[in-house]
Structures are given as structure tokens and as C-alpha cells.
Amino acid sequence: MRVTKAVKAEQLRILRSLYPNARPALTFQSPFELLIAVILSAQCTDARVNVVTGRLFPKANTPAAIAVLGQAELEKEIHDCGFFRMKAKHIIETCHILLDEYDGEVPADFEALQKLPGVGRKTANVVMSVAFHMPAIAVDTHVFRVANRLRLAVGTTPLEVEKGLQKVIPREDWSDAHHWLILHGRQVCKARKPLCDTCALAQVCPSSGA
DNA sequence: AACTCGGGGCA
DNA sequence: TGCCCAGAGTT
């Protein structure tokens, strides 16, 4: 199957119809809360992150408060999220940088965000998109896999796929499309046994059945 | 490019 | 039990 521009448009139309009310699964009440939640979400389900932040944020939901909390106590709070020592170290360092260099605020700047410890390209894109409503597409493993299988965007690195998606997806849909691809990757286009038999995109997917 | 960090989900 | 993850940093 040849994935033309028209086919890609059809793929996107179907995805939108499948996941009409796509929204972030993480619960947060400020850019800082979102930043922490996304750092915690690496290799951890959003449901579990929400449980952890539901306990943590009432105690501390600012860079100053978490810095006061200290690494040892933070490690206990986020223990259930996995990689807790490394994440706690990164979060504490990030809080100090936010206090020292950004007046305790989360900068609405992709480059600045990505320089923070524990914040990579994916996390920075999520914060820009979700917290600051800027056009950005965060490419995680689900987005990467689904985009490649559909040939919606092809690449061997997340950055390549991100650029490819930016070309074929209307700017106003970037934030939503991220969620369509994630949901589809989790529920249907799974890494191991993709459910091609019942996939609504099978007709427009070159990887279907393969 | 390969490895580490650390738990849980799931067959 | 064993394998796989809604990543990022280091070597």
C-alpha cells in the first residue's frame, strides 16, 4: 500500500473519530505540577502517577516546598513510580534551578525546559503543549511505533518522527494527535500483538496483518 | 548504540 | 517466572 497524503489525511480523520475526547491522563493544577507528574511518568502508568501526586501535591506543589522536603523524603513519596532515586535527584535539582534561575516558575520555553535534569525532549514537549498550549508533539514509544506502522511519519529516532508528524498534521491538531496516537498504541496498535483484525485503520495501514 | 535505573502489568 | 514497558542520562 502506498501511503499518500490523502491516505494520511484519512488516517488522521479516523483517529480523531476514534478518540474524540482525548485529553491528558495526568491530573495537575499548575505547570509545575504537570512538570513533576511527567517526570514521574517515565516507565510508569499515569494512573499510578496520579496516586502518587495525589499524596505529594497537597504537601508540596511548588519548587520551594519540594526543595524543603528534601531528597530522602521525596524518594519515599515517589517510591511507587519506579526509578525513584534518580527521579528524586532530578526533581530536587530541577526545583533548585527553577528557584535560582526562573524565579520559581516553570519557563514556557522548550530549550530551557529540556535543559532541566530529568526533562528530555518528550517531557519538554508535553509541558509546552499541555501546560502552555503551544503547538508541540511529544513522541514517546507509542507515538513512535504507531506513526511508523501507519507510515504517517517514518523515522529511526523520536526527533525524526516528530518532524514528520509536524509536516502532515495541521498545527491546531498537534496536541490532540499526540493523544490519538498514544491511545491507539496502547489499546489497539500494541507493541507485541497489534489488534489488526479489529483495527479501524486496517484499510489505510500498510502494516496491517504484517 | 548500549547500558542503567526500579517498580508494576501481564501472560 | 519472565518479558515488556506513557524516558533520560551516561559511557
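Residues numbered from 1 in each chain as written. Chains lettered and ligands numbered in written order. Predicted model: local features only at pLDDT ≥ 70, side-chain atom pairs only at ≥ 80, totals over all residues. Heavy atoms only, no water.

### Comments concerning the overall build of chain A
Alright, step 1. Regarding its fold elements, chain A presents 11 helices and zero strands.
Alright, step 2. Order of helices (α) and strands (β) in chain A, N terminus to C terminus: α-α-α-α-α-α-α-α-α-α-α.
Alright, step 3. The C-alpha radius of gyration computed for chain A amounts to 18 Å, which stays within 12% of the reference 17 Å derived for 210 residues, consistent with globular compactness.
Alright, step 4. Split into buried and exposed, the 210 residues of chain A put 48% on the buried side.
Alright, step 5. Here the analysis covers contacts within chain A between residues at least 6 apart in sequence; of these, 60% occur between residues at least 24 apart.
Alright, step 6. Element-wise, carbon and sulfur atoms account for 53% of the exposed surface of chain A, whose accessible area totals about 10,900 Å².
Alright, step 7. For chain A, the centre of its 26 positive side-chain charges and the centre of its 21 negative side-chain charges are spaced 11 Å apart. (Helix = DSSP H or I, 4+ residues; strand = E, 2+ residues; numbered from the N terminus. Rg over C-alpha atoms; globule rule 2.2 N^0.38 Å. Buried < 20%, exposed > 50% of the residue type's maximum accessible area, 1.4 Å probe, protein only. Contact = heavy atoms within 4.5 Å. Areas by Shrake-Rupley, 256 points an atom, 1.4 Å probe, with all protein chains shown as cover. Lys, Arg positive; Asp, Glu negative; His and termini not counted. Charge placed at Lys NZ, Arg CZ, Asp CG, Glu CD.)

### Quick look at the protein's contact with DNA strand C
Alright, step 1. Not every one of the 22 residues close to DNA strand C is listed here, only the nearest: D46, T123, H142, I182 and R192.
Alright, step 2. For DNA strand C, the fraction of protein-proximal atoms (within 4 Å) that sit in sugar or phosphate groups is 71%.
Alright, step 3. In the environment of DNA strand C, a phosphate oxygen lies 2.5 Å from a nitrogen or oxygen atom belonging to the side chain of Q43.
Alright, step 4. Considered class by class, the residues forming the surface near DNA strand C number 10 nonpolar, seven polar and five charged. (Near = heavy atom within 4 Å. Polar contact = N/O pair within 3.5 Å; in protein donor to acceptor, adjacent residues only side chain to side chain. Nonpolar A, V, L, I, M, F, W, Y, C, P; charged D, E, K, R; others polar.)

### Thoughts on the protein's contact with DNA strand B
Alright, step 1. Residues in close proximity to DNA strand B include Q43, R48, H79, C81, G82, F83, F84, R85 and M86, which together make up its full environment.
Alright, step 2. Here DNA strand B approaches the protein such that, of its atoms within 4 Å, sugar and phosphate make up 49%.
Alright, step 3. With respect to DNA strand B, the side chain of H79 contributes an N or O atom lying 3.4 Å from a phosphate oxygen.
Alright, step 4. Here a phosphate oxygen of DNA strand B and a backbone polar atom of R85 are 3.0 Å apart.

### So, the environment of R55
Alright, step 1. Relative to the helices and strands, R55 is located in helix α3 (residues 46-59).
Alright, step 2. A residue is classified by how much of its surface remains accessible, and R55, at 40% relative accessible area, is partly exposed.
Alright, step 3. Between the C-alpha atom of R55 and that of E105, which follows or precedes it by 50 residues, the distance is 22 Å.
Alright, step 4. Those residues within four positions of R55 in sequence are excluded, and the remaining contacts are E77 and D80.
Alright, step 5. A polar contact of 3.4 Å, which involves the side chain of R55, links it to the side chain of D80.

### Let's talk about unusual backbone geometry
Alright, step 1. Although it is not a glycine, D103 sits at a positive phi angle of roughly 55°.
Alright, step 2. Mapped onto the fold, D103 is located in the loop between α6 (84-101) and α7 (110-115).
Alright, step 3. Overall, the relative accessible area of 69% leaves D103 in the exposed class.
Alright, step 4. Even without being a glycine, H133 presents a positive backbone phi close to 55°.
Alright, step 5. By the secondary structure assignment, H133 is in the loop between α8 (121-131) and α9 (141-150).
Alright, step 6. The exposure class of H133 is exposed, given its relative accessible area of 66%.

### Here's the deal with the packing of helix α2 (residues 31-40) against α6
Alright, step 1. Interaxial distance between α2 and α6 falls to 10 Å at its minimum, and their mutual angle equals 155°. With respect to α6, the element α2 is oriented roughly antiparallel. Of the two possible hands of crossing, α2 and α6 adopt the one that is right-handed. Two secondary-structure elements touch here, α2 through F32, L35, I36, I39 and L40 and α6 through K87, I91, T94, C95 and L98.
Alright, step 2. Class assignment for the residues of the contact of α2 with α6 results in eight nonpolar, one polar and one charged. (Axes fitted to C-alpha atoms, helices over the stretch in contact; angles between N-to-C directions. Parallel < 35°, antiparallel > 145°, perpendicular 65-115°, else oblique. Left-handed = near helix turned anticlockwise from the far one by under 90°.)

### Some thoughts on the pattern of salt bridges
Alright, step 1. Applying the stated criterion to the full structure yields seven salt bridges.
Alright, step 2. Between D173 and R16 there is a salt bridge; the shortest N-O distance is 2.6 Å. With a gap of 157 residues between them, D173 in the loop between α10 (158-168) and α11 (174-187) and R16 in helix α1 (residues 5-18) connect regions that are remote in the sequence.
Alright, step 3. Across the pair E73 and K76 runs a salt bridge, and its minimum N-O distance is 3.9 Å. Here the residue E73 and the residue K76 both occupy positions in helix α5 (residues 71-77), the gap between them amounting to three residues, near one helical turn.
Alright, step 4. Its relative accessible area of 32% is what places E73 among the partly exposed residues. (Salt bridge = Lys/Arg side-chain N within 4 Å of Asp/Glu carboxyl O.)

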